[in-house]
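# What the coordinates show
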Amino acid sequence: MIKNILIAVLSVTLLAVVGFKMELFEFDLKDSRNYRDESISQRMTAVNKSAVINLATVIYNDEDKSFYTSALIEKGLELMVDYVNEKKGGIAGKKVVLNKIKVSGGNEQEYVASVQSLCSEKKMALCIAPYNSLLIPSVRALTHYAGIPLVSPLTVRSEKLPYLEDDNFSSIFIPLDAWISVFMNEAARNGVKRVLIISPENNSYGDIFSTALERYNNQKKNFEWLFRINYNDMLDEDLEYQLKLHVADYRFDAVFYAGTFKDFGALKTLLNQLDLKIPIYTTDELMEPKIVHDDYKYGLYVPFYELNPKIDESFKLFLREKKQDGELHVGIILAYMLVDYIKICIEDNGGVYSPKKITEDMNTLIEQFYKSDSNYKIEFIRNTIAKE
């Protein structure tokens, strides 16, 4: 009898605790949504009242050569903002101001804190960030809560990202499916059927790329076999053990390496030790001109890309005026597209700033651009030293 009473009391207590926690959870969600709605409203008011259009960005210090492309984009953004102000009358008649903070490369906490510092100011219309895929989850969540549109010039959307109501994230960069489609066509031309993926074990670009590649192959069945091994450290004995364990069994005829330049030398050494005489395909993380002269003798295939947006002749003249009339490098092109799209989004809305509308229209413009094959080109370049 006493036992039954105790069970009943405990059950009621448990239900009460669970119910209380559910109410707290629902309250937190509601409170978060209310804060975001209030932030969006305050931001709309502040930006529309402001005499200028404030853009925020956090850039890696260009002294860190591993973030070379972000430095190119920084220069491109500066040129494009000057061009829009001097030659195009700003955005909706307002001067554009680029507010930026520079942080040391690889310091994630400093980067996120800097984004928070800039975006907490309601005068900021849009945040241009991040330049590293590892930072997408935290920067996206932070800017979403702050009610500010987020546009990345150099990362891609991951299918691992959690759902967010009224998502604020856009990416100017080439979508993953385009990269994967070109890789699969290139591999098919070379008779590749069984692929070993070697990928970093984190939310890096390579990890995101590899996950999308697995999903794509599950749908399309391009390869007979796709086997993935993740690593934290290329020199870890566990990676060598995993390779020894699986290489002989699966008779791979290509490696897809999703890591960075930093680990590439160790990868080649490891494959040579295992006497694995098969070609390596990579992501654009290794996209450097010097890679075509790499000494990997079994074939190294690296994707190179071009973007071909319609660029005003007045912008090209402007670059010549600024003595920047060399090749239109990727940093300038991505910056041109990004700032031009921001201008279109605001001016097509009658000059009225609306965070939600900017994200919707930005994603539409990006989707339309990449629908046309003439707007971009991806091709795999084979290293010149490889044996035929």
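In what follows, the structure referred to is the one given above.
Everything numeric in this text was worked out from a predicted model, so none of it was measured.

So, how was this worked out
Residues numbered from 1 in each chain as written. Predicted model: local features only at pLDDT ≥ 70, side-chain atom pairs only at ≥ 80, totals over all residues. Heavy atoms only, no water. Salt bridge = Lys/Arg side-chain N within 4 Å of Asp/Glu carboxyl O. Helix = DSSP H or I, 4+ residues; strand = E, 2+ residues; numbered from the N terminus. Buried < 20%, exposed > 50% of the residue type's maximum accessible area, 1.4 Å probe, protein only. Core = buried A, V, L, I, M, F, W, Y, C linked by side-chain atoms within 4.5 Å. Axes fitted to C-alpha atoms, helices over the stretch in contact; angles between N-to-C directions. Parallel < 35°, antiparallel > 145°, perpendicular 65-115°, else oblique. Left-handed = near helix turned anticlockwise from the far one by under 90°. Contact = heavy atoms within 4.5 Å. Nonpolar A, V, L, I, M, F, W, Y, C, P; charged D, E, K, R; others polar. Phe/Tyr/Trp six-rings, centres within 6.5 Å; stacked < 30°, edge-to-face > 60°.

This part covers the pattern of salt bridges. Under the counting rule described, the total for this entry stands at 24 salt bridges. Between E86 and K322 there is a salt bridge whose closest N-O contact spans 3.5 Å. Taken together, the residues E86 in helix α2 (residues 68–87) and K322 in the loop between α9 (313–321) and α10 (330–347) connect sequence positions 236 residues apart. Owing to a relative accessible area of 45%, E86 belongs among the partly exposed residues under this scheme. Exposure remark for K322: the relative accessible area of 35% places this residue in the partly exposed category. The closest approach of N and O atoms between K87 and E321, which form a salt bridge, is 3.5 Å. Within this pair, whereas K87 is found in helix α2, its partner E321 is found in helix α9, the two being separated by 234 residues in sequence. Counted as one network, the salt bridges with shared partners bring together E74, E78, K100 and K102.

Now for the nonpolar core. Among the nonpolar cores identified, the biggest contains 97 residues, and Y111 and L307 are the most heavily contacted of them. Looking at this core, the element that brings in the most residues is α10, giving 13 residues. In terms of nonpolar packing, the next biggest core, distinct from the first, is built from 25 residues, M234, Y257, V292 and V302 among them.

Relative to each other, α10 and helix α11 (residues 355–371) sit at 130 degrees, their axes nearing to 9 Å. Considering their axes alone, α10 and α11 lie oblique with respect to each other. The hand of the α10/α11 crossing is right-handed. Where α10 abuts α11, its residues M337, L338, Y341, I342, I344, C345 and I346 lie against I358, D361, M362, L365, I366, F369 and Y370. Across the contact of α10 with α11, the residue classes tally to 13 nonpolar, no polar and one charged.

What follows covers the packing of aromatic side chains. Considering all chains together, one arrives at 23 aromatic pairs under this definition. Taking 6.1 Å as the distance between ring centres and 50 degrees as the angle between the ring planes, the aromatic pair formed by F183 and F380 counts as tilted. Of this pair, F183 sits in helix α5 (residues 176–189) while F380 sits in strand β11 (residues 376–382), and the two are 197 residues apart along the sequence. Taking 5.9 Å as the distance between ring centres and 35 degrees as the angle between the ring planes, the aromatic pair formed by Y257 and F264 counts as tilted. Per residue, the accessibility class of Y257 equals that of F264, and both read buried. Linked through ring pairs, F183, Y205, F209, F223, F256, Y281, Y301 and F380 together constitute an aromatic cluster.

By themselves these figures say nothing about function.
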